[in-house]
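# Tertiary structure, described
Residue strings, one per chain:
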Amino acid sequence: MRDDHLQRLVFEEINARCIWVQLDGVTRAVLSRADYPPLVADQLARALLVTATMSSGIKFDGRITLQLQSAGPVSLLMADCDHDGGVRGLARLQEDAELPSSESALFEALADDGTLALTVEPARHGRRWQGIVPIEGGSVEQALESYFRQSEQLPTRIRLAFDGDRASALMIQRMPGETSDEDGWNRLEHLVDTLGDQEMLAAEGEEVLRRLFHAEQRRIFPARELHFHCPCTRERVAVVLQGLGQSELQALAAEQEVVEVRCEFCNEGYRFDQVDLAALIQGGEPDDSPTVH
Ligand SMILES: [Zn+2]
């Protein structure tokens, strides 16, 4: 069993960085909570990998979110990762939509008029930051590479591998500024291109990185653990219900004896009975009845 983690390397002379992510457990946890068609599960796994990879850039307490939105059969692919390495994600499908039968056709449908958004939200102080670009390319990898080209002008190569069970990502990126090794970036790109999916999935990251970059001078930073985590709570769900407004809540209470809300990310169920609903309608706090799994 491989441990989920993120590993960062820096090639100082080339002025580039490398990020490795393995996310077997998180991907299994996310995919086990919903019944996604295999092609959608595959795209969601890639979105989880990319988001975990991007999280290496967060230098404060907060959360990074990736959203791929489209008017096609897969209307939303979403994943987020917090500073503690807590990762979650979901896919939303259009009702009754017919899914394309191949991976490339599915991504094409997603890219058609679709947008890719990266959002960074500090947990407490500071401004929320968001970058949005049209989805380009034929895969999640290419869409992200295009994002970096357009928004940050940083040459980037991303490799993602998922076999239905194990999931790994490798990203190399040029950093802004000069390099004392002009050919270095080309060498790194070439090395990354030689890496096979099986190699990325069969071994621990440390071994993959050592084999791949053995001839390059590099600095390795301590690995960071990643795990599945959904921050939903009964209180947060109550706030969302209250946001519906009094009349909507009253209608809901009249219609249903017990209102059950399921978190779309983790499938946790939260039940609100008539007493809870009455409290919400009056703007009070709901009592602490137990949650239902
Ligand atoms: Zn949840």
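None of these values were measured; they are calculated from a predicted model. Per chain, residue numbering runs from 1 following the sequence as it is written. This being a predicted model, a pLDDT of at least 70 is required before a residue's local features are given, and a value of 80 or more before pairs of side-chain atoms are given or counted; all residues contribute to the totals for chains, interfaces and linings.

For helix H4 (residues 140-152), which comprises 13 residues, the first-to-last C-alpha distance of 17 Å matches the rise-based estimate of 18 Å (1.5 Å per residue) to within 8%. Regarding H4, the residues found buried are Val140, Ala143, Leu144, Glu145, Tyr147 and Phe148. For H4, the secondary structure elements touched by its buried residues are helix H2 (38-54), strand S6 (115-122), strand S7 (129-134) and strand S8 (156-162). The helix and strand labels rest on DSSP assignments: H or I over at least four residues marks a helix, E over at least two residues marks a strand, and numbering proceeds from the N terminus. Just downstream of H4 lies Gln153, where phi reads positive at about 50°. Every helix has an expected span of 1.5 Å times one less than the residues it contains. Here the C-beta atoms are placed from the backbone, and a residue counts as buried if at least 20 other C-beta atoms lie within 10 Å of its own, exposed if 12 or fewer do, and partly exposed otherwise. Throughout, a residue-residue contact means that the two C-beta atoms, derived from backbone geometry, are no farther apart than 7 Å.

Turning our attention to the packing of helix H9 (residues 246-255) against helix H10 (residues 274-281). Closest axis-to-axis distance for the H9/H10 pair is 9 Å, and the angle between their directions is 165°. Put simply, H9 runs roughly antiparallel to H10. Pair H9 / H10 crosses with left-handed handedness. Along the contact surface, H9 presents Gln246, Leu249, Gln250 and Ala253, while H10 presents Gln274, Leu277, Leu280 and Ile281. Under the scheme applied, nonpolar residues are Ala, Val, Leu, Ile, Met, Phe, Trp, Tyr, Cys and Pro; charged residues are Asp, Glu, Lys and Arg; polar residues are all the others, including Gly. The class makeup of the residues in the contact of H9 with H10 is five nonpolar, three polar and no charged. To get an axis, a line is fitted to the C-alpha atoms, and for a helix only the part in contact is used. The angle between two axes follows their N-to-C directions and goes from 0 to 180 degrees. Roughly parallel means an angle under 35 degrees; roughly antiparallel means over 145; roughly perpendicular covers 65 to 115; every other angle is labelled oblique. We call a crossing left-handed when the near helix sits turned anticlockwise from the far one by less than a right angle, and right-handed when that turn is clockwise.

Another aspect to go through is the environment of Arg210. The topology assignment puts Arg210 in helix H7 (residues 205-212). Given 13 C-beta atoms within 10 Å, Arg210 falls into the partly exposed group. Remark: the alpha-carbon pair of Arg210 and Gln246, spanning 36 residues in sequence, is separated by 60 Å.

Among the seven residues in S8, five count as buried, and that is most of the element. At least two bridges found by DSSP between two strands are what make those strands a pair. Summarising the sheet, S8 and strand S9 (residues 167-174) pair through seven bridges and their orientation is antiparallel. By the bridge assignment for S9, Ile158 is matched with Met171.

Right, let's get into the environment of Leu106. Inspection of the secondary structure assignment puts Leu106 in helix H3 (residues 103-111). According to the C-beta neighbour criterion, Leu106 is buried, with 20 such atoms within 10 Å. When the C-alpha atoms of Leu106 and Phe60 are compared, they prove to be 35 Å apart, with 46 residues separating the residues in sequence. Setting aside residues no more than four positions away along its own chain, Leu106 makes contact with Leu39, Gln43, Val74, Leu99 and Pro100.

This brings us to the domain arrangement of the protein. These domain boundaries are the output of an automatic or database domain assignment. In terms of domain boundaries, the protein breaks down into domain 1 (5-228) and domain 2 (234-281). For domain 1 and domain 2, the distance between their C-alpha centroids amounts to 35 Å. In this complex, domain 1 contributes four residues to the contact, which on the side of domain 2 involves four residues.

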